[in-house]
Every structure is written in structure tokens, then in C-alpha cells.
Amino acid sequence: MATLPNPLPKLAADPSGGVLGLELPAGRLIDATDEGPWHEPLLWCADEPAVPGGWTALASARRAGLLPVLVDVGGGHGGPEDWELTPGAMSYPGDHDAEEVLAEFWEACAAEGEEWPGPADAAADQGKDPDSVAAGFADVLLDGGGPLKDPRPALVPARRSADLPAAIGWMVPANHENDTARLGAVLRSWEDRFGIRVVALGFDRLLVSVAAPPTTLAQAEAVAAEHFAFCPDNIRQGGDTTLRAYAERQVLGQPVWHFWWD
């Protein structure tokens with residue numbers, strides 16, 4: 001797997017981003033990991049809270065090899081420099097098969113005798129643009145319509161949105177899976193099947209927009225099984241006690257999927 005050049009070091013000499021064709025607000029480069037400074041910046045994070053429209057303002061960064069994401073520095077956990085990131089422990093999402101990963105997770109988490117039902121079918125209608133849906137969801141979050149306490153706009157060098165958590169070495173799901181790239185393989189599959197985009201990361205949560213959510217209960221239940229394998233705490237510690245109830249409330253027609261790990 002060829003690694004793309006990381007454009008973030010150029011911001012050290014030009015914090016405004018002009019060298020990359022950007023106009024950035026005041027911010028900082030973050031290279032802090034669990035084992036000390038990483039050999040290059042992992043992400044750029046703005047100093048001031050994000051505001052509606054901020055996601056769209058960073059959209060042009062894609063041309064420079066940087067993808068936007070909101071990072072939540074509130075909730076008592078600090079910013080990404082305090083999250084004990086471990087990029088050196090990550091593999092590459094493209095090296096894993098999403099269905100195999102989900103089947104392994106299911107076997108580890110499901111009750112004895114419950115067989116893995118297999119992956120959900122892709123959405124029949126992929127008409128909405130996933131990046132436009134993501135921008136709209138970001139504005140909803142930044143207008144107070146979500147769980148984020150103090151979201152900041154950030155930029156991460158990554159090939160695709162699904163790779164963002166592994167690219168920075170995000171280790172929140174460590175009690176479930178130490179190699180976040182395996183979760184990234186599932187996120188890539190959801191990108192392909194449902195048009196998801198990683199919109200926000202917090203110390204213990206992940207929010208994605210969904211451009212083509214399931215439109216039938218049967219498909220929603222199949223996706224709910226994937227969600228359970230991906231993040232068991234969503235069901236075990238959430239308000240929905242069965243996959244069917246979770247599918248009806250959290251998946252069917254829902255343009256947002258929210259994951260939280262204890």
C-alpha cells in the first residue's frame with residue numbers, strides 16, 4: 001500500500017494554509033501520541049469552536065489530500081492531544097475484509113447459538129451526494145443538534161473518510177478492537193453501501209452521516225446486526241434492548257449513525 005504524502009508539515013511554516021491553497025483560521029498541528037510525539041503531524045485542529053458552514057469552508061482541503069472532521073474537545077476529555085493516540089499500532093483499512101471482520105466481532109459478542117446473519121444489502125437508491133449530506137449534518141451538529149460539547153474543525157491526511165479514525169491512531173474502541181483499521185474496513189464498506197461519511201470524533205464516540213439509509217425494516221435489521229458487531233455498547237448500554245427495536249429507532253431511514261464505546 002503506497003502512502004500518500006502528508007501535507008500537514010507545510011502548515012508549520014504557513015499556518016494560514018496558503019501554501020496548500022487554503023484559508024485556515026488559527027489552529028495547531030497535533031503530533032502527540034501515547035508514546036510521545038509522532039514523526040509528523042497527525043491532524044490540524046482549529047483553536048476556536050466550529051460554527052455552521054465551517055465544514056463547507058474546509059471542503060477545498062480535499063484537493064490538498066486533507067479531509068475535514070469535527071473533533072469534540074469538550075466533555076472533560078480534552079482534545080486529541082489528550083486521547084492517547086496510537087498511530088503506530090494501526091494497520092491499513094484496505095488490508096481487511098469488512099464481512100470477515102464483522103463475522104468475527106459477531107461471534108465474539110453475540111449470544112451462544114446466534115449465527116452471524118451476513119451483511120446487509122446495499123441501499124437501492126444512492127442518489128444523494130454523501131459529501132453534501134455530511135456538510136448538512138455537520139451544520140446540524142454545530143447548531144446544537146447533537147451530543148458534541150465543544151466541536152472544533154479539523155483536517156486529517158487520509159484517502160477516504162472511513163480511514164480518518166485509523167489515520168490518527170484513534171483507540172477509543174480498544175476494549176472491543178485494538179486495531180481501529182479493522183473498524184475502518186467496515187466504515188469503508190458502509191461508505192460503498194450506504195454513502196456514510198465520518199463527520200465527528202470525540203474521545204468516546206463516532207458520528208457518521210448516511211446518504212442512503214435503509215428504507216425497509218428487513219434491511220434496517222440487517223444493518224442493526226452489523227452495528228451490534230461493530231459497537232456492542234450501542235445496544236447493550238443503549239435504550240433499545242433488541243436489534244429490532246434498535247433497527248426501528250436508530251437505523252430505519254436515519255441519516256445519522258452514532259456509535260459510543262464504554
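This report concerns the structure included in the present document. Keep in mind it's a predicted model, so treat the numbers as computed, not measured.

A tally of regular secondary structure across the protein gives nine helices and nine strands. In terms of overall size, the protein behaves like a compact globule, its C-alpha atoms giving a radius of gyration of 18 Å where 262 residues would be expected to give roughly 18 Å. The C-alpha extent of the protein, read off along each of the three principal axes, is 55 × 35 × 35 Å. Residue burial in the protein is summarised as follows: out of 262 residues, 51% are buried. In the protein, the proportion of contacts linking residues at least 24 apart, taken out of those at least 6 apart, comes to 73%. Here the protein displays about 11,600 Å² of accessible surface, and carbon together with sulfur accounts for 48% of that area. Positive and negative side-chain charges of the protein, numbering 17 and 40 respectively, have mean locations separated by a distance of 5 Å.

Grouped together as the largest cluster of nonpolar side chains are 54 residues, with contacts concentrated most on Leu206, Phe230, Trp257 and Phe259. For this core, the leading source of residues is helix H7 (residues 217–230), giving seven residues. The residues contacting phenylalanine 230, other than those within four sequence positions of it, are Leu102, Phe105, His176, Leu183, Val186, Leu187, Trp190, Leu206, Phe259 and Trp261. The next biggest cluster of nonpolar side chains, apart from the first, holds 13 residues, and it includes Ala134, Ala135, Phe137 and Leu207.

The next subject is the sheet that holds strand S1 (residues 27–30). The sheet built from seven strands is open, its strands ordered S1-S4-S6-S5-S7-S8-S9 with mixed pairing. At either end of the open sheet lies a strand with only one pairing partner, and these are S1 and strand S9 (256–260). Taken pair by pair, the neighbouring strands of this sheet meet at an average axis angle of 30°, ignoring direction. Sheet topology note: the strand S5 (residues 66–72)/strand S6 (residues 151–157) ladder contains seven bridges and is antiparallel. Bridging from a neighbouring strand, leucine 67 pairs with valine 156 of S6.

A few words now on the pattern of salt bridges. This model, assessed by the stated rule, comprises 14 salt bridges. Across the salt bridge formed by glutamate 191 and arginine 160, the nearest N and O atoms sit 2.7 Å from each other. Taken together, the residues glutamate 191 in helix H6 (residues 180–194) and arginine 160 in the loop between S6 and helix H5 (164–167) connect sequence positions 31 residues apart. What makes glutamate 191 buried here is its relative accessible area of 10%. Ionic contacts of the salt-bridge type, sharing partners, join the residues Arg28, Asp47 and Glu81 into one network.

The next subject is H6. Compared with an ideal rise of 1.5 Å per residue, which puts 15 residues at 21 Å, H6 spans 20 Å between its outermost C-alpha atoms and is within 8% of the ideal. A large share of H6 lies buried, amounting to 14 of its 15 residues. Once H6 finishes, glycine 195 follows within two positions and takes phi at roughly 65°, a positive value.

Another aspect to go through is the packing of H6 against H7. Running from amino to carboxyl end, H6 crosses H7 at an angle of 160°, the nearest separation of the two axes being 11 Å. By the angle between their directions, the pair H6 and H7 is classed as roughly antiparallel. For the element pair H6 and H7, the recorded crossing hand is left-handed. Facing Leu183, Val186, Leu187, Trp190, Arg193 and Phe194 of H6, the residues of H7 in contact are Gln219, Val223, Glu226, His227 and Phe230.

In this section: the packing of helix H3 (residues 98–109) against H6. At a minimum axis distance of 8 Å, the contact between H3 and H6 shows a crossing angle of 120°. Classed by the angle they form, the pair H3 and H6 counts as oblique. In the packing of H3 onto H6, the handedness of the crossing is left-handed. Note on element contacts: H6 touches H3 through Arg182, Leu183, Ala185, Val186 and Ser189, opposite Ala98, Val101, Leu102, Glu104 and Phe105. A per-class count over the contact of H3 with H6 returns seven nonpolar, one polar and two charged.

Here we come to the packing of aromatic side chains. Inspection of every chain in the model, using the stated rule, returns ten aromatic pairs. Seen from their ring centres, tryptophan 190 and phenylalanine 259 are 5.6 Å apart, and the 15° between their planes marks the pair as stacked. With tryptophan 190 in helix H6 and phenylalanine 259 in strand S9, the pair connects residues that are 69 residues apart, well separated along the chain. The two residues tryptophan 190 and phenylalanine 259 agree in class, both being buried. For the ring pair phenylalanine 259 and tryptophan 261, a centre distance of 6.3 Å and an interplane angle of 35° mean the geometry is tilted. Phenylalanine 259 sits in the buried class, given a relative accessible area of 0%. In this structure tryptophan 261 comes out as buried when scored by relative accessible area, which is 4%.

So, how was this worked out
- Residues numbered from 1 in each chain as written.
- Predicted model: local features only at pLDDT ≥ 70, side-chain atom pairs only at ≥ 80, totals over all residues.
- Heavy atoms only, no water.
- Helix = DSSP H or I, 4+ residues; strand = E, 2+ residues; numbered from the N terminus.
- Rg over C-alpha atoms; globule rule 2.2 N^0.38 Å.
- Buried < 20%, exposed > 50% of the residue type's maximum accessible area, 1.4 Å probe, protein only.
- Contact = heavy atoms within 4.5 Å.
- Areas by Shrake-Rupley, 256 points an atom, 1.4 Å probe, with all protein chains shown as cover.
- Lys, Arg positive; Asp, Glu negative; His and termini not counted.
- Charge placed at Lys NZ, Arg CZ, Asp CG, Glu CD.
- Core = buried A, V, L, I, M, F, W, Y, C linked by side-chain atoms within 4.5 Å.
- Pairing = 2+ DSSP bridges.
- Axes fitted to C-alpha atoms, helices over the stretch in contact; angles between N-to-C directions.
- Salt bridge = Lys/Arg side-chain N within 4 Å of Asp/Glu carboxyl O.
- Expected span 1.5 Å × (residues − 1).
- Parallel < 35°, antiparallel > 145°, perpendicular 65-115°, else oblique.
- Left-handed = near helix turned anticlockwise from the far one by under 90°.
- Nonpolar A, V, L, I, M, F, W, Y, C, P; charged D, E, K, R; others polar.
- Phe/Tyr/Trp six-rings, centres within 6.5 Å; stacked < 30°, edge-to-face > 60°.

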